[in-house]
Amino acid sequence: MEQGILYVCPTPIGNLDDITLRVLDTLRSVDIIAAEDTRHTLKLLNHFDIKKQMTSYHEHNIREKGPLIVDMLQNGKSVALVSDAGMPGISDPGEDIVKLCVEAGIQVMGLPGPSAALLALVVSGLSTDKFAFEGFLPSKSTDRIKALEGLKTEERTIIFYESPHRLLDSLKDMSSVLGNRRASLSRELTKKFEETIRGTLEELLSVAHERQLKGEMVIVVQGAEKGEQEEFDIAAMLLQLLENGYSKKDAIRFVCEKTGAPKNQVYSESLRLKK
Ligand code: SAM
């Protein structure tokens, strides 16, 4: 029997006109729609006058539902995967079922369409050359700070999803860990009250203090300046060498040789060390 195809179908992140003709055709032609929230997707289907059988596929039933969906596909049924909004698999259920299908040799066809991350990036005014998508930062402050520490030397533009009730805490942590970099905050993209606020992290923080910013939001942050990585490594290398019993002079010479960094830079780095 011929296997079915899994179609990964992005849906609008606000404005229903953003659904593509191909996604509509696919939703109409598949045997079944696997939806993150069937009640939510029903509204979308009703809007476009689509009547189709649905099954739920969400973060709490991934383990049981994944194999069932694969079974349907192996039995020749075609399945459209949709999440509540945007691109399934991007901070949404999707990754697992795609992996299962790939492992089972089932054809996976992705359709292009809306995703909040890319939209926020292109309107941010920051470099789009290279970027890193971080999704949601951890909700616990210590974990969030740790995650941000790991991004201190990331040179690519960084994209975060954020929820309004954590906005202030996240902006505070971002500016204290990453420094006062340029950033943008896009909220309610494609919706009536859509806006993008651009400035430094501290400026965004003061706007967030003044106004209670609501809705769905994406924060885009400028990457680290080139060379920050080197400076950070130099400090760590010096410290390690001094701890290992090297004299300051030898440690500096060793680091200069290893990194190619100029002696005065390594020397001034050594002056900043406590040891
Ligand atoms: N799969 C979706 C995508 O491709 O964009 C993302 C789903 S994730 C569960 C939801 C998060 O996406 C929100 O908390 C927000 O950070 C971001 N988001 C979704 N819609 C948005 C919108 N219209 N404006 C700004 N951010 C949005």
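Conventions used here
- Residues numbered from 1 in each chain as written.
- Predicted model: local features only at pLDDT ≥ 70, side-chain atom pairs only at ≥ 80, totals over all residues.
- Heavy atoms only, no water.
- Buried < 20%, exposed > 50% of the residue type's maximum accessible area, 1.4 Å probe, protein only.
- Helix = DSSP H or I, 4+ residues; strand = E, 2+ residues; numbered from the N terminus.
- Pairing = 2+ DSSP bridges.
- Axes fitted to C-alpha atoms, helices over the stretch in contact; angles between N-to-C directions.
- Contact = heavy atoms within 4.5 Å.
- Salt bridge = Lys/Arg side-chain N within 4 Å of Asp/Glu carboxyl O.

A. Summary view of the pairing of strand β1 (residues 5–8). The alternating pattern of β1 places I5 and Y7 and L6 and V8 on opposite faces, both of which are buried. Pairing analysis gives 4 bridges linking β1 to strand β5 (residues 107–110), with the strands arranged parallel. Among the inter-strand pairings, L6 is bridged to a residue of β5, identified as V108. Sheet analysis places β1 next to strand β4 (residues 79–82), joined by 3 bridges and oriented parallel. Bridge pairing in β4 links L6 to V79.

B. Broad picture of the sheet that holds strand β8 (residues 182–187). Ordered by their spatial adjacency, 5 strands build an open sheet running β6-β7-β10-β8-β9, and the pairing between neighbours is mixed. The open sheet terminates on both sides in strands that have one partner only, identified here as β6 (131–136) and β9 (195–200). Between one strand axis and the next, the sheet turns by 15 degrees as a mean value, whatever way the strands run. Across 5 bridges, the pairing between strand β7 (residues 157–162) and strand β10 (residues 217–221) is antiparallel. Bridge assignment links E162 to a residue of β10, and that residue is M217. Lying on the sheet, helix α5 (residues 116–123) is in contact with β6, β7, β8, β9 and β10; it crosses β7 at an angle near 130 degrees.

C. Region of the structure containing the pattern of salt bridges. With the rule as written, the count across this model stands at 14 salt bridges. Note that E162 is salt-bridged to R166, the shortest N-O span being 3.5 Å. The pair E162 / R166 is uniform in exposure class, with both members buried. Across the pair E216 and K191 runs a salt bridge whose closest N-O atoms are separated by 3.4 Å. In this pair, E216 is assigned in the loop between α8 (201–210) and β10 and K191 in the loop between β8 and β9, connecting sequence segments 25 residues apart. With a relative accessible area of 52%, E216 lands in the exposed category. Via salt bridges that share partners, R187, E195 and R211 belong to a single interconnected network.

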